[in-house]
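# Structure at a glance
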Amino acid sequence: HILLHSMNLVLVILVAFKYFKNDNLKAQMVAFMLLANEQSRELNQMMFNDSILAFYILLCLYFVSRNKPFKGVIALTLALSIKAGAMLLVPGFFGWI
């Protein structure tokens, strides 16, 4: 739910920059208003580094799919340093390699 909210926020900001391609100041104002929203800030404060963990896991999957297992191991190690829940990915990771 939290990751979906963040992705929607990014998509809306990208649409704003496409729509206001001649006036970046308006697109930046839309992005600022969305990022300064109190409800979004409260949601981000309650994530407890889950978005960073998801980033490292996706980075690990990307590197392994590009046949760069060493970089994938580094990304998985960074994910493990954030939360031990990433340990559940280790058997699948080694099976994929």
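Presented here is a report on the structure given in the accompanying data block. Predicted model, so just to flag it, every value in this text is computed and none were measured.

Rules behind the numbers
- Residues numbered from 1 in each chain as written.
- Predicted model: local features only at pLDDT ≥ 70, side-chain atom pairs only at ≥ 80, totals over all residues.
- Heavy atoms only, no water.
- Patch = residues over 30% accessible without salt bridge, like charges linked within 9 Å, V, L, I, M, F, W, Y side chains within 5 Å.
- Areas by Shrake-Rupley, 256 points an atom, 1.4 Å probe, with all protein chains shown as cover.
- Salt bridge = Lys/Arg side-chain N within 4 Å of Asp/Glu carboxyl O.
- Helix = DSSP H or I, 4+ residues; strand = E, 2+ residues; numbered from the N terminus.
- Core = buried A, V, L, I, M, F, W, Y, C linked by side-chain atoms within 4.5 Å.
- Buried < 20%, exposed > 50% of the residue type's maximum accessible area, 1.4 Å probe, protein only.
- Contact = heavy atoms within 4.5 Å.
- Expected span 1.5 Å × (residues − 1).
- Arc of directions from axis to C-beta.

Together, Val10, Leu11 and Leu14 make up an exposed nonpolar region whose accessible area comes to about 280 Å². Within the secondary structure, Leu11 is located in helix H1 (residues 2-19).

Below, the discussion takes up the nonpolar core. Core analysis: the biggest nonpolar cluster contains 6 residues, these being Cys60, Val64, Ala75, Leu76, Val90 and Phe93. Secondary structure elements with two or more residues in this core: helix H4 (50-65), helix H5 (69-82) and helix H6 (90-96). When neighbours within four sequence positions are excluded, Leu76 is seen to be in contact with Cys60, Ala86, Leu89, Val90 and Phe93.

In this model, H5 (14 residues) spans 20 Å end to end at C-alpha, consistent with the 20 Å of a helix rising 1.5 Å per residue. Along H5, the residues that are buried comprise Gly72, Ala75, Leu76 and Ala79. Taken end-on, H5 shows its buried residues confined to a sector of 100 degrees, consistent with a single buried face. Facing away from the buried surface of H5 by more than 90 degrees, the exposed residues are Phe70 and Ser81.

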